[in-house]
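# What the coordinates show
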Amino acid sequence: MEEDRKVVIELQDVKRYFKVGSETVKALRGVSFKIHEGEFVTIQGTSGSGKSTLLNQLGCLDTPTSGEYFLDGVAVRKMSKNQRAHLRNQKIGFVFQNYNLLANTTAVENVELPLMYNSKYSARQRREAAVKALQAVGLGDRLNHKSNQMSGGQMQRVAIARALVNDPTILLADEATGNLDTRTSFEMLVLFQKLHAEGHTIIFVTHNPEIAEYASRNINLRDGMIKEDTVNTNIKSAAEALAALPLPQDD
Amino acid sequence: MNIINLIKVSITAVAANKMRSFLSTLGIIIGVGAVIAMMSIGQGAKQNIRAELSTMGSNLLTIRPGADNGPGGVRKDPSAMQTLKLSDYQSLSQNREFVKYVSPEVMASGQVVYGNKNATTTVYGESEEYPDMKQWKVEQGVAFTQDDVRRSAKVCLVGKTVVDNLFGEGADPVGKVIRFKSIPLSIVGVLKSKGYNSWGMDQDDVIIAPFTCVMKRIAAQNYFSSINCSAVSEELSDAAMKEIQHKLRENHKIKDASGDSDDFSVRSMAEMMEAIGSTMDMVTLILGIAAGFSLLIAGIGIMNIMLVSVTERTKEIGLRMAVGATGFVISVQFLIEAIVISVTGGIFGVLLGLGASNTIMPLVGLPSVVPTWAIVLSFCICVAIGCIFGYLPARKAANMDPIEAIRHE
């Protein structure tokens, strides 16, 4: 997949060191890669491999100790906290493992949240965008359900809708299926594949190697370095896998 | 992010935690309610006293013999108490400019007898202008006249209590003759009942006779215990006072115009009302400050709850930061939450205070007076409390690291 497509993410020898007491922990020891528009990339690695640190870098929650990170052509390293907050608001959609929905708040209000911090949206535009995003994840009929009245799968769909609502450059999922049962996990993968097919750039951080089979590319981390970066030529269909699953049994 | 969105976000967050929000507003509700109720009690009492004083005539001036030494227990030379003479009354009566009515006063206490009944009372020697000056109506009969005063006539007006004591309730005593210290006084009229005054004196237990009669026939003295005057209007009290001082100094041959060597003193009711008013304002202020402390405690309560809330909502704060809220926006959100809580509490507190004042004040017979400024002030204090006590929790929230906050369990 080399490429006339736009580069949305470019890492140049990104290092991230933490000082813990007198020791320096080298979480990222020089990571370089490019991600193009429309890719579905999984980032894998065991715990301690640096994948959380990498996720924080990609999500502009943190800045590199050295090296450069360009998100959609914007250099992130020297940005201030507030500039990064605005950048996240415009260009990144987060999906977390624990959904992180606001308690006692309806689906549509949860999805509206990122737009609340964007003064360009009026209340009506916000509502429209949120409804559209919820319809895209198949929750068009549950707009006014509160977060505590929904199943895990539904909550994660709301979280995905929230990540999509600002029309982000990248969709950043952190163990997005980690809290779900197998069946619901596959439903989520079906959704992610659908979004991928629609042209969204997705970065899926996970420790589950199985998920890589449904993505277009897989980056494997170990000890803060890239161990493997492979293109998946044989993308499995999550929809087929879901259909092949045994039906839930009532016992 | 604009401020309206922020307010919406904050109100949603407050509404999402109804129980906790209610508990933190409770302190403010009680605090503001107490402040309003205290203000109402203070101001109601003030109005009540003022109203009572003004029925006595807010334009009255009292001249007393002796220098005004202020409070203190120095015993005065008895001769100093005999400085108000007939000549003073005459000069005050003539060429009146700002003075409307003048009545000298001589008192004598003793037993009054009618038939086989007797009672102890006080006879006041006054001029014929006295009932007009005091706005005291003569209910039955008529008042005595200037001619009666000139002749030292043995006539009198009696109060309701005296009538009840001597003649029985409802009797018509006009024309009857009573004896005071063996001096016969013919009743020409009965004064309308005034009831008790605020320091518990029965204002109807009086006999009013011409001062000439009381001076010559009863008290046998040639000086007055005081002279009462009324100004043309309350506003002209000061001018009337100057007029009186000027005339009396001339009479008493006092050249010092500063008032330091005066052998008399003039007090106006307006002055007294002002003094009482400022005393009551002080009382109101003290009550208000006492109640204000409960607001301070309520503010600390809000701060506590907001701090707990910030810790409890670490994850939410992390999420908000991840989706693009800056630290400043987060801090403003929590500040607005604190203000929303305190102002909501303030609104209900004002209602509680008004309700309490309207139920309690009539029970103790005082008017319910809640000054508008007290409402506005307590409202502003609520906003201030929200800002001050919301600041620390807001800063704590703003300084969170989104990476740690979002993974907080």
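Residues numbered from 1 in each chain as written. Chains lettered and ligands numbered in written order. Predicted model: local features only at pLDDT ≥ 70, side-chain atom pairs only at ≥ 80, totals over all residues.

## Digging into helix α1 (residues 51-58) of chain A
Helical geometry: 3.6 residues make up each α-helical turn, so side chains three or four residues apart lie on a common side. Defined as follows: Buried residues are those with 20 or more other C-beta atoms within 10 Å of their own C-beta, exposed residues have 12 or fewer, and partly exposed residues lie in between; C-beta atoms are placed from the backbone. By definition, any uninterrupted DSSP run of H or I lasting at least four residues is a helix, any uninterrupted run of E lasting at least two residues is a strand, and each is numbered from the N terminus.
The buried fraction of α1(A) amounts to six of the eight residues, a majority that puts the element mostly inside the structure. Once α1(A) finishes, A:C60 follows within two positions and takes phi at roughly 60 degrees, a positive value.

## Quick word on the confidence of the model for chain A
Quick reminder of the rule: Confidence of the predictor in every single residue is expressed as pLDDT, which spans 0 to 100.
In this model, chain A carries an average pLDDT of 91, and 98% of its residues clear a pLDDT of 70 or more. When pLDDT is averaged over each helix and strand of chain A, the minimum, 89, is found for helix α7 (residues 238-244) of chain A and the maximum, 95, for strand β3 (residues 40-44) of chain A.

## Section: the nonpolar core
The nonpolar side chains of soluble globular proteins are, as a tendency, buried together. Operational definition: The nonpolar core criterion groups buried Ala, Val, Leu, Ile, Met, Phe, Trp, Tyr and Cys residues into a set whenever they are joined through C-beta atoms within 7 Å. By definition, residue pairs are in contact when their C-beta atoms, positioned from the backbone, come within 7 Å.
Ranked by size, the top nonpolar core spans 121 residues in total, and within it A:V111, A:A161, A:I203 and A:F204 carry the most contacts. In terms of residue count, the dominant contributor to this core is helix α2 (residues 18-55) of chain B (12 residues). If we ignore the near neighbours within four places in the chain, the residues touching A:I203 are A:I35, A:V41, A:I43, A:L58, A:I170 and A:L172.

## Examining the sheet that holds strand β7 (residues 170-174) of chain A
Residue and element names in this part refer to chain A. As a reminder of what qualifies: Strand pairing requires that DSSP identify at least two bridges connecting the strands. Here the axes come from fitting lines to C-alpha atoms, over the contacting stretch only for helices, and the angles between their N-to-C directions go from 0 to 180 degrees.
Strands sit in the order β6-β7-β8-β3-β9-β10 across an open sheet of six strands; the sheet is mixed. If you trace the sheet from one side to the other, it starts and ends with β6 (92-95) and β10 (225-231), each paired once. Within the sheet, the average angular offset between the axes of one strand and its neighbour, ignoring direction, is 15 degrees. Pairing analysis gives four bridges linking β3 to strand β9 (residues 217-222), with the strands arranged parallel. Within β9, the residue paired with V41 across the bridge is R217.

## Regarding the interface of chain A and chain B
Applied cut-off: Residue polarity follows a fixed list, in which Ala, Val, Leu, Ile, Met, Phe, Trp, Tyr, Cys and Pro are nonpolar, Asp, Glu, Lys and Arg are charged, and the others, Gly among them, are polar.
Taken together, the contact pairs 22 residues of chain A with 20 residues of chain B. Elements with a minimum of two residues in the side of chain A that touches chain B: α2 (81-91) and α3 (107-116) of chain A. If one sorts the elements of the side of chain A that touches chain B by residue count, α2(A) sits on top with six residues. Its residues placed into classes, the side of chain A that touches chain B shows 10 nonpolar, nine polar and three charged.

## Some points on the pairing of strand β9 (residues 226-231) of chain B
Strand residues, when the strand is regular, have side chains that alternate between the two faces of the sheet. All names here are of chain B. Of all the six residues making up β9, five are buried; the element is thus mostly covered by neighbouring parts of the structure. The sheet contact formed by strand β1 (residues 60-65) and β9 spans four bridges and is antiparallel. Bridge pairing links L60 to S230 in β9. Strand direction decides the pairing type here: strand β2 (residues 99-114) and β9, joined by six bridges, are antiparallel. Looking at β9, one finds that E105 is bridged to S226.

## With respect to the environment of B:N5
For B:N5, the position within the fold is in helix α1 (residues 3-16). On a C-alpha basis, the gap between B:N5 and B:Q333 in space is 9.6 Å, while along the polypeptide they are 328 residues apart.

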